[in-house]
Amino acid sequence: MDKLVVFGARPLIGEVKISGAKNAVLPILAATLLTDEPCTIKNSPNLRDTNTMIRILRSLGKNVEFDRDVIEVTSKANGKFTAEYKLVSTMRGSFCVLGPLLAKLNKARVSLPGGCVIGVRPVDLHLKGIEALGAEVKIEGGYVNAKAKILKGNHIYLGGEFGSSVLATENVMMAATLSKGKTIIEAAACEPEVEDLANFLVKMGARIEGQGTPRIEIEGVKNLHGAEHKVIPDRIEAGTFLIAAAITKGKITLNGVIWQHLLAVIDKLAQAGVRVKRTDGRMIVNAKTRLKPVNITTLPYPGFPTDLQAQFMALMAVTPGISIITEKIFQDRFMHIAELNRMGANIQREGPHSIVQGVKYLSGAPLMASDLRASAALVLAGLVAKGRTDISRIYHLDRGYENLEVKLKALGANVRREKE
Ligand code: EPU
């Protein structure tokens, strides 16, 4: 297992290229199951999760080549319709093969992903959506078994207790592309990754309107064909670098970003006293000024993303004053608090809220990464802490950040990967 060793207290200065979005490439790869024709996916991030999805596609009979940032998916699926537990359990995103398998083969057997450290993470909305399209669903032996003689379009309300669901919207949208007649998904997730998937499906011949809004309309078609697509930039990676500049009081230019996708984060950084300037396809973040505490509440897009909550908490941990961070998407996504407190932070959890009392400095410590975004928060804290921070179990980080330590080093960070 690898660990990261970080020495803090240096401003990050320079330019960084943002990779393609993890949460867009995963469902886009799953969508290639909807056709027998070749697909080319450009700007694909080389991540552990991308490679897990590639292994799932191969297990389902696809031929997949990954060269630099281009993924080519060819060959006919071989009629296999089971996504195995050992792959699905390592990455929840793989559950989005359910919709395409069901639509293409009229049956799917997909392992239930189970809970994870950020919360219970049920799949009731996924199942409600495909049942509304006419699938018969049974849970047996830890698997979802779904079958349908024919899928038929329907009017589906997909809102849940915590708002819309990204992967459920994606699963139902993919299943609906090959259903008979019209499907309307209400309370659909509006995340840019859902929109990117829909845009790819349209290139494959799907008839979809309203992507990026809470009402998506899909007119089913008989077949989908191969397509070529360039994945959108990763707004969460971009947000992590914006916060990295803020926490180290540095100046970073981010290349290949979409400003519109980061409005909530830019707004909160502005309230904290960090200026982000927009130029053509780039952002410049300059954080020389004194920081102010701000409260954040995570919400579905275009609200503040839950996937940046931990990183923002690391920033507030070293910002004088009190800030309140409220998690409204994943109730237990607070595993990073204990580790940040081990570095000298003063953070208390009260149900869905965390009260962060900014401290003058953090000190380096041996830390344990618990999930992807929590790991990123620990790296950010390490970048500003006094002394040495060792972060173990960084396979979590490798799930969602491409070459993080290489990119940080290029910005002047003192960070290295070591074998434990
Ligand atoms: N929910 C239900 N029932 C369902 C599905 C979801 O109650 O059937 C609840 C969830 O428990 C949660 C809320 O709805 O409270 C929203 O969850 P959502 O389904 O939108 O999350 P997801 O689709 O499983 C994706 C991302 C996550 C990201 C969330 C929220 C992928 C592969 N994953 O997960 O990304 O946090 O949307 O934006 O797209 C990450 O990248 O680190 C990550 C966890």
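Sequence order as written defines residue numbering, which begins from 1 separately in each chain. Selection of residues for local features in this predicted model requires a pLDDT of at least 70, selection of side-chain atom pairs for listing and counting requires 80 or more, and totals for whole chains, interfaces and linings are taken over all residues. Excluding hydrogens and water, the side-chain values take into account all heavy atoms of the structure.

A. Broad picture of the state of the cysteines. Any two cysteine sulfur atoms within 2.5 Å of one another count as a disulfide. By the definition in use, this model includes zero disulfides. Residue C39 stays outside any disulfide, its sulfur separated by 14 Å from that of C96, the closest cysteine. The classification of residues rests on relative accessible area computed with a 1.4 Å probe and restricted to protein chains. Under 20% of the type maximum is buried, over 50% is exposed, and intermediate values are partly exposed. You can call C39 buried: its relative accessible area is 1%.

B. Highlighting the site of the ligand. Near residues are defined by distance, with any heavy atom within 4 Å of the molecule or strand qualifying the residue. As a structural note, the neighbourhood of the ligand is formed by 22 residues, with D124, L125, S165, D307 and I329 the closest of them. For the ligand, an oxygen atom lies 2.7 Å from a polar atom in the backbone of L125. Between the ligand and I329, the relevant distance is 2.5 Å, taken from an oxygen atom to a main-chain nitrogen or oxygen of the residue. For the area figures, the Shrake-Rupley method with a 1.4 Å probe applies, and any residue is considered shielded solely by the protein chains shown. For the ligand, whose unbound accessible area comes to 820 Å², protein coverage reaches 92%. Put simply, DSSP H or I for four residues or longer makes a helix, DSSP E for two residues or longer makes a strand, and each gets a number counted from the N terminus. Put simply, the parts of the chain that give the shell around the ligand at least two residues each are α1 (22–31), α5 (124–132), α6 (166–177) and α12 (372–384). Here the residues of the shell around the ligand are counted per class, giving nine nonpolar, six polar and seven charged. We define a polar contact as two N or O atoms separated by no more than 3.5 Å, with the added condition that, inside protein, one atom must be a possible hydrogen donor and the other a possible acceptor, whereas residues neighbouring each other in sequence contribute only through side-chain atom pairs. For this scheme, ten residues count as nonpolar: Ala, Val, Leu, Ile, Met, Phe, Trp, Tyr, Cys and Pro. Four count as charged, namely Asp, Glu, Lys and Arg, and the remainder, Gly too, count as polar.

C. Region of the structure containing unusual backbone geometry. A cis amide bond links Y301 with the next residue in sequence, P302, at an omega value of 10°. Looking at the element boundaries, P302 is found in the loop between β18 (296–297) and α10 (309–317). Unusually for a residue other than glycine, N106 sits at a positive phi of about 65°. Take N106: it is sitting in the loop between α4 (98–105) and β7 (107–111).

D. Quick peek at the pairing of strand β1 (residues 2–7). Of all six residues in β1, five are buried; the element is thus mostly enclosed. Of the pairings in the sheet, the one linking β1 to strand β24 (residues 414–419) comprises six bridges and is antiparallel in character. Within β24, the position partnered with L4 by the bridge is R417. Pairing geometry for β1 and strand β23 (residues 388–392), over four bridges, is antiparallel. Strand pairing is assigned whenever DSSP identifies at least 2 bridges connecting the two strands.

E. How the structure looks around a positive patch on the surface. Each patch is built from residues lacking any salt bridge and having more than 30% relative accessible area; the joining distance is 9 Å for like charges and 5 Å for nonpolar side chains (Val, Leu, Ile, Met, Phe, Trp, Tyr). Each salt bridge in this description consists of a side-chain nitrogen of Lys or Arg and a carboxyl oxygen of Asp or Glu lying within 4 Å of one another. Charged residues are defined here as Lys and Arg on the positive side and Asp and Glu on the negative side; His and the ends of the chain fall outside this count. All charge positions are set by atom: Lys at NZ, Arg at CZ, Asp at CG, Glu at CD. Together, K251, R275, K277 and K288 make up a region of like positive charge exposed at the surface. In this fold, K251 is placed in strand β15 (residues 251–255).

F. Looking closely at the packing of aromatic side chains. Centres within 6.5 Å are what make two rings of Phe, Tyr or Trp a pair, Trp counting through its six-membered ring; a difference in plane orientation under 30 degrees is then read as stacked, over 60 as edge-to-face, and the rest as tilted. One pass over the full model with this rule turns up one aromatic pair. Seen from their ring centres, F304 and F312 are 5.4 Å apart, and the 75° between their planes marks the pair as edge-to-face. Classification of F304 by relative accessible area gives buried; the value is 4%. F312 gets classed as buried once you look at its relative accessible area, which sits at 0%.

G. Layout of the environment of L60. Within the secondary structure, L60 is located in the loop between α2 (48–59) and β4 (63–67). Judged by relative accessible area, L60 falls into the buried class, the value being 0%. Spatially, the C-alpha atom of L60 lies 9.4 Å from that of L101, the residues being 41 residues apart in sequence.

Bear in mind that shape data such as this cannot, by itself, settle questions of function.
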